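Close look at the chain arrangement
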Amino acid sequence: MLSATPVNNRFNDLRNQLALAYEGQSENLSRNLKTNTGIEEIFRRAQKAFNTWSELQPQERTAAAILKALDFDFFELLDAVTIARSRKHIETFYDKDIVKFPHRQKPLSYQCPITNRPDVLGFNNIFSRLSVLKLAVYAPISYILSSRLPKYEEIYDTQVEGGRGKLRQADREQSLQALMTTNLLKRLESSVEAFRLTLRALSGNIAQILEAIATFERTGGSASVTDDLGDPGFDADDEDLTGLDEFTVGRKIQISLADMDLPSWKHDLEADLVLIRDLIASMDKVGPGDDAKPQHLKDVIARKVAEPLNPGNRKVLIFTAFADTAKYLYANLAPAFLQSEGLNSGLVAGSDAPKSTLKKSYDFQSVDFH
């Protein structure tokens, strides 16, 4: 087997690769090692040493330190099952007529503004506004009246194994709020389109909760909400959301509106909604022609087509973290390059079937190949 990263995050990565070779019969390999320690124990010790090393201060967390922490048995195992060859080693000791590495161009990094339009918020202003967001929609348990809170703590707080404390639901909600703020920033980093789609979903989410609260205030009744929204917006096909008529907008954890400080929650929800809608209004001004990143990308691709690194090679692969960004680029770049350069494009995203400008439809592998 060949692997560029035999150990990615844990030594179990390497152990699992070895398990494929010895087919689960680790004792067969252990008998051929110059050690009396079994493979499972070797890896357990190695992982323990790695965990201790990873907690050291950055200046102490050196390659020499981890090599010193690992015991002889681990190196004996590595010597028995692995052959490590660096590029430098191959260039030095192997026949240069047989092995030739291509020259790699240095990566180029570009930092584009959102747009050159003066009436659109810039990155710093957007970050400042996102920092103000409370994302109260993800933390309803924080607004439960203190007299009613013990009931929910008893139901939803989780006792840590061994009686060493509890995992509080309120802490989970705070983690979710931080995660969603980070997600918004990552979507903004990816593309204006990914960012505004998430903002719209979040806006609709908050609006639905506010509508449920308003109806409850008018009619009373046994209304409830959830604190496990997960995705930034509601999925219209989510069967767990069919209870909206009864003010049950939940998936897992139900909280009665009668147990909540509704004025405070409503105030924070409305404040979030105002900020989000202002961001949406600003982002909606950025059409594809005003969007600096795809316009810059378009120029980069055009230069690649005009001046390919390899004669006749006009192929380009574009990777992006979010499917929304991939779809946005495909919709706005594929038709233009097909018309101007006769270049066909394909879109491969995990959430949908692949697309291409070719007349014939292809599956994932075929789109990748063509």
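Note that the structure is predicted; figures quoted are calculated from it, not measured.

1. Here we look at the packing of helix α1 (residues 12-22) against helix α3 (residues 39-54)
Relative to each other, α1 and α3 sit at 165 degrees, their axes nearing to 10 Å. In this view, α1 runs roughly antiparallel relative to α3, as classed from their interaxial angle. Between α1 and α3 lies a crossing whose hand is right-handed. Contact with α1, carried on its side by Asn12, Leu14, Arg15, Leu18 and Tyr22, involves Ile39, Glu40, Phe43 and Gln47 of α3 and no other residues of that element. Tallied by class, the residues present in the contact of α1 with α3 amount to 5 nonpolar, 2 polar and 2 charged.

2. Quick notes on the packing of aromatic side chains
A full pass over the atoms with the stated rule returns 4 aromatic pairs. Relative to Phe74, the ring of Phe43 has its centre 6.2 Å away and its plane inclined at 85 degrees; by these criteria the two rings are edge-to-face. Placement of Phe43 in helix α3 and of Phe74 in helix α5 (residues 72-81) is noted, with a sequence separation of 31 residues between them. Look at Phe43 and you get buried, because its relative accessible area is 2%. With centroids separated by 6.2 Å and ring planes inclined at 35 degrees, the aromatic side chains of Tyr143 and Trp265 adopt a geometry described as tilted. With Tyr143 in the loop between α7 (123-132) and α8 (149-156) and Trp265 in helix α11 (residues 262-283), this residue pair connects regions lying 122 residues apart in the sequence. Relative accessible area serves as the criterion here: at 0%, Trp265 is assigned to the buried category. The structure contains a cluster of three or more aromatic residues connected by ring pairs, namely Phe43, Phe74 and Phe75. Across from the ring centre of Phe322, 4.7 Å away, lies the NZ or CZ of Arg187, which sits over that ring.

3. Some words on helix α13 (residues 323-341)
Its 19 residues place the ends of α13 25 Å apart at the C-alpha level, agreeing with the 27 Å of an ideal helix rising 1.5 Å per residue. A maximum bend of about 30 degrees is found in α13 at Leu333, where proline Pro335 lies one to four positions downstream. Looking only at α13, the buried set comprises Thr325, Ala326, Tyr328, Leu329, Tyr330, Leu333, Ala334 and Phe337. Gly342 sits one or two residues past α13 and shows a positive phi near 70 degrees.

4. Structural notes on the confidence of the model for the chain
Residues of the chain with pLDDT of at least 70 account for 83%, and the chain-wide mean is 81. At the level of individual helices and strands, the chain shows its lowest average pLDDT in helix α14 (residues 364-369), which scores 56, and its highest in α11, which scores 95. In this model, residues 228-251 is a region of pLDDT below 50 whose contacts with residues beyond four sequence positions or in other chains number 50 contacts.

The rules behind the values
- Residues numbered from 1 in each chain as written.
- Predicted model: local features only at pLDDT ≥ 70, side-chain atom pairs only at ≥ 80, totals over all residues.
- Heavy atoms only, no water.
- Axes fitted to C-alpha atoms, helices over the stretch in contact; angles between N-to-C directions.
- Helix = DSSP H or I, 4+ residues; strand = E, 2+ residues; numbered from the N terminus.
- Parallel < 35°, antiparallel > 145°, perpendicular 65-115°, else oblique.
- Left-handed = near helix turned anticlockwise from the far one by under 90°.
- Contact = heavy atoms within 4.5 Å.
- Nonpolar A, V, L, I, M, F, W, Y, C, P; charged D, E, K, R; others polar.
- Phe/Tyr/Trp six-rings, centres within 6.5 Å; stacked < 30°, edge-to-face > 60°.
- Buried < 20%, exposed > 50% of the residue type's maximum accessible area, 1.4 Å probe, protein only.
- Lys NZ or Arg CZ within 6 Å of the ring centre and 35° of its normal.
- Expected span 1.5 Å × (residues − 1).
- Bend = angle between axes of the 7 residues up to and from the residue.
- pLDDT = per-residue confidence, 0-100.

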